[in-house]
Structure formats: C-alpha cells, structure tokens
Amino acid sequence: MLSYTGVSKTYADGTQALKEVTLEIPAGQFCVLLGPSGAGKTTLLKMANYLVRPSGGVVSIDGTQITDRNLQSLRPYVSMIHQHFNLVPRLSVEENVIAGALSKLKLWRVLFRSYPEHLRRQAAKLVESVGLQEKHFLRKASELSGGQQQRVGIARAFILEPKIVLADEPVASLDPKISREVLQILKTAAKSRGTAVVCSLHQVELAQEFADRIIGMHDGEIIADCKADELDAAIVKKIYEGHENELEESVSQQVLPADQDRDTPQPFNGKEYANC
Ligand code: ADP
C-alpha cells in the first residue's frame, strides 16, 4: 500500500529530518508514529502526499513511485487530517466536508459553490457517521467546538474514499476524553473501509489504545516497530531518550500491580518509566 524505501530528507538549512527510512504500511492498518517533537514524524507523513519531497529514496503507493508527474493522479488516494483542523471557519460543515473533493470538481462548481447532489448526499452521510447531527450540517465551522471540528476534518478526509489517511497529531488540541472519541471515530471509519491510517501522536497511552502497529521514531530514524501490545517501558525510554520532559507531560499516572514480573516486557506505564 504505502511504502518508503531508503527515504531521507535534508531541509535547505541542512537539518537532516529523516535518515534512510524503510517502511511498508499495508491496507487497513492503523499505524501510529510515536516520538518526541523533531523526531521526523511530520516529515514522514507529508512525504506520502508529497507536501515534502524526499532528498533520497522512494515513496510509493500501491507500487507506484510518487513523482511530480503523477502527483495529481495519486492525490485522491491520500487525504490528511490536521492538528488544528484546517477548516474554513466561515463555510458550513457541508462545504468544509465537500472541500475534501475539490480536486474532482469543475472550477465553475467551486466558484459558484454549486455542488453535485451525489456529493452533498455523501457529505451528509459522512457527517452523520462521525457523530454530528443534521442541525450541524449547515452551521459554520467556526460555531463548532474543537472536537466537533475534528469530526468534520475526519468526514472531509474520507469523502473521496482514499486508500490512505494521514493524521498529523489529530488530537493534540483536544482534551483526553474528546481525544479518545475522535480517535475511535477515525479508527472505525478507516476499518470499515479498509483504509490505512498513518497517525502521529505523542501520547503513549493513546498509541497503545488505538494503534495496530506503533512505529517509534527518534532523531529521523525508526528505532522501534511493534504491535501496540508489545510496546514496553524499554522501548518507550529509547524513543524519548533526551526528551523525557515531553514523555512526562503526555503520561497520566497508572499503577502497576505490585507482584508483576519485572523481567518480562511490561506494557508501558508512566510510573515504571519514572523509576527507570
Ligand atoms: P516531528 O513531526 O516529529 O516533530 P518534523 O518532521 O516536524 O518532526 O521535524 C523533523 C526535523 O526537521 C526537526 O529538527 C525540524 O526542526 C526540522 N524541520 C521540519 N521542517 C523543516 C523545514 N521546513 N526547514 C528546516 N527544518 C525543518
């Protein structure tokens, strides 16, 4: 589905954001990129829609290398959900969802805001599926709460039935309860369609709760690649080495049972990490 082969990125100022990353993400997988800020998560995500060009290596979708030449034809396969929602505040929920299909619309339809009926029906279905009500449909995006706006962001991301949804810290602006609701909606939408999700997160617990697979990134490299239930304290420590303050911020305290065997890998737990 989505593959990176020996992918590197050096920005114009010399920052080496990715170092020879090789990674394959199959259809339908909910894959979380976990790591401290600056690890290269956003760079990796944005290469899948070519918002960032690799300096070396190959990024492919279904075996086709993404290039400037085929970018337009591959674009509908990949959509993105943003940390700050990126909705147009003065437009309605309906129009924001339809905005996800602009690349498929004739210019006159966009200019006159005259959208095909089938797209309006599809938008209405999606809005309902992300847990919003009919009354929200014609409301301006600016009148919605953060959690509601991100639901609209999810609906927009699915309107062209993409193969891959990229989510860049999609719940970083939301409180823990709403974050869980939003991630559950994203996961349900993706699983029901067989869509792959690549989602960057910095909250270890949320990664464990929602990911099928966790890719641990540090300093432009993949240093861990495991199933969510295989993530243990040693791996988390390695991922956040030198960024322990970020880890502490993201962890809510849990208590390990007193008699738990310390020699076998334990599910990650903030308290245990603090004792390492
Ligand atoms: P993350 O998403 O894990 O926080 P990023 O991919 O945003 O990491 O950044 C990886 C590294 O690349 C960081 O050191 C960051 O400062 C740097 N970086 C990101 N974008 C640019 C850019 N446009 N120009 C220069 N350096 C950049």
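Structure: see above.
Residues numbered from 1 in each chain as written. Predicted model: local features only at pLDDT ≥ 70, side-chain atom pairs only at ≥ 80, totals over all residues.

Along the protein, the regular secondary structure elements total 11 helices and 10 strands. Its C-alpha atoms give the protein a radius of gyration of 20 Å, within 12% of the compact-globule value 19 Å for 276 residues. Over its C-alpha atoms, taken along the principal directions, the protein stretches across nearly 65 × 40 × 35 Å. Each of the 276 residues in the protein was classed as buried or not, and the buried ones make up 38%. Of the contacts made within the protein by residues no fewer than 6 positions apart, 69% connect residues no fewer than 24 positions apart. (Helix = DSSP H or I, 4+ residues; strand = E, 2+ residues; numbered from the N terminus. Rg over C-alpha atoms; globule rule 2.2 N^0.38 Å. Buried ≥ 20, exposed ≤ 12 C-beta atoms within 10 Å, placed from the backbone. Contact = placed C-beta atoms within 7 Å.)

Tyr11, Asp13, Thr15, Ala17, Gly35, Ser37, Gly38, Ala39, Gly40, Lys41, Thr42 and Thr43 make up every residue found near the ligand. The greatest single-element share of the shell around the ligand, amounting to 3 residues, is contributed by helix H1 (residues 41-47). Each residue belonging to the shell around the ligand can be placed in one class, and the counts come to 3 nonpolar, 7 polar and 2 charged. (Near = placed C-beta within 6 Å. Nonpolar A, V, L, I, M, F, W, Y, C, P; charged D, E, K, R; others polar.)

In this section: the nonpolar core. Grouped together as the largest cluster of nonpolar side chains are 69 residues, with contacts concentrated most on Leu34, Val197 and Val198. Ignoring anything within four residues of it in the chain, the contact list for valine 198 reads Leu2, Ile25, Cys31, Leu33, Leu45, Ala48, Ile164 and Leu166. (Core = buried A, V, L, I, M, F, W, Y, C linked by C-beta atoms within 7 Å.)

Our next topic: unusual backbone geometry. Despite not being glycine, glutamate 20 has its phi angle at roughly 50 degrees, a positive value. In this fold, glutamate 20 is placed in strand S2 (residues 16-25). Classification of glutamate 20 as partly exposed rests on a count of 14 C-beta atoms within 10 Å.

A separate point is the pairing of strand S3 (residues 30-34). A large share of S3 lies buried, amounting to 5 of its 5 residues. Here S3 shows no split at all, with Phe30, Val32 and Leu34 on one side and Cys31 and Leu33 on the other all buried. Where S3 lies against strand S8 (residues 196-201), 5 bridges are found, and the strand directions are parallel. Paired with leucine 33 across the strands is serine 200, a residue of S8. Where S3 and strand S9 (residues 213-218) come together, 4 bridges link them in parallel fashion. Residue pairing across strands places leucine 34 opposite glycine 216, the latter belonging to S9. (Pairing = 2+ DSSP bridges.)

The subject of this paragraph is helix H7 (residues 176-193). Helix length check: H7 (18 residues) gives 26 Å between terminal C-alpha atoms against 26 Å at 1.5 Å per residue, within 8%. Of all the residues in H7, the buried ones are Ser179, Val182, Leu183, Leu186 and Ala190. For H7, the angular spread of buried residues about the axis comes to 95 degrees, placing them on one side. Facing away from the buried side of H7 by more than 90 degrees, the exposed set consists of Lys177 and Ser192. (Expected span 1.5 Å × (residues − 1). Arc of directions from axis to C-beta.)

Attention now goes to the pairing of strand S1 (residues 2-10). Looking at chain direction, S1 and S2 are connected through 6 bridges and run antiparallel. Paired with serine 3 across the two strands is glutamate 24, which belongs to S2. Linking S1 to S2, which pair antiparallel, is a turn of 5 residues; within it glycine 14 sits at a positive phi near 95 degrees.

These figures capture arrangement, not role.
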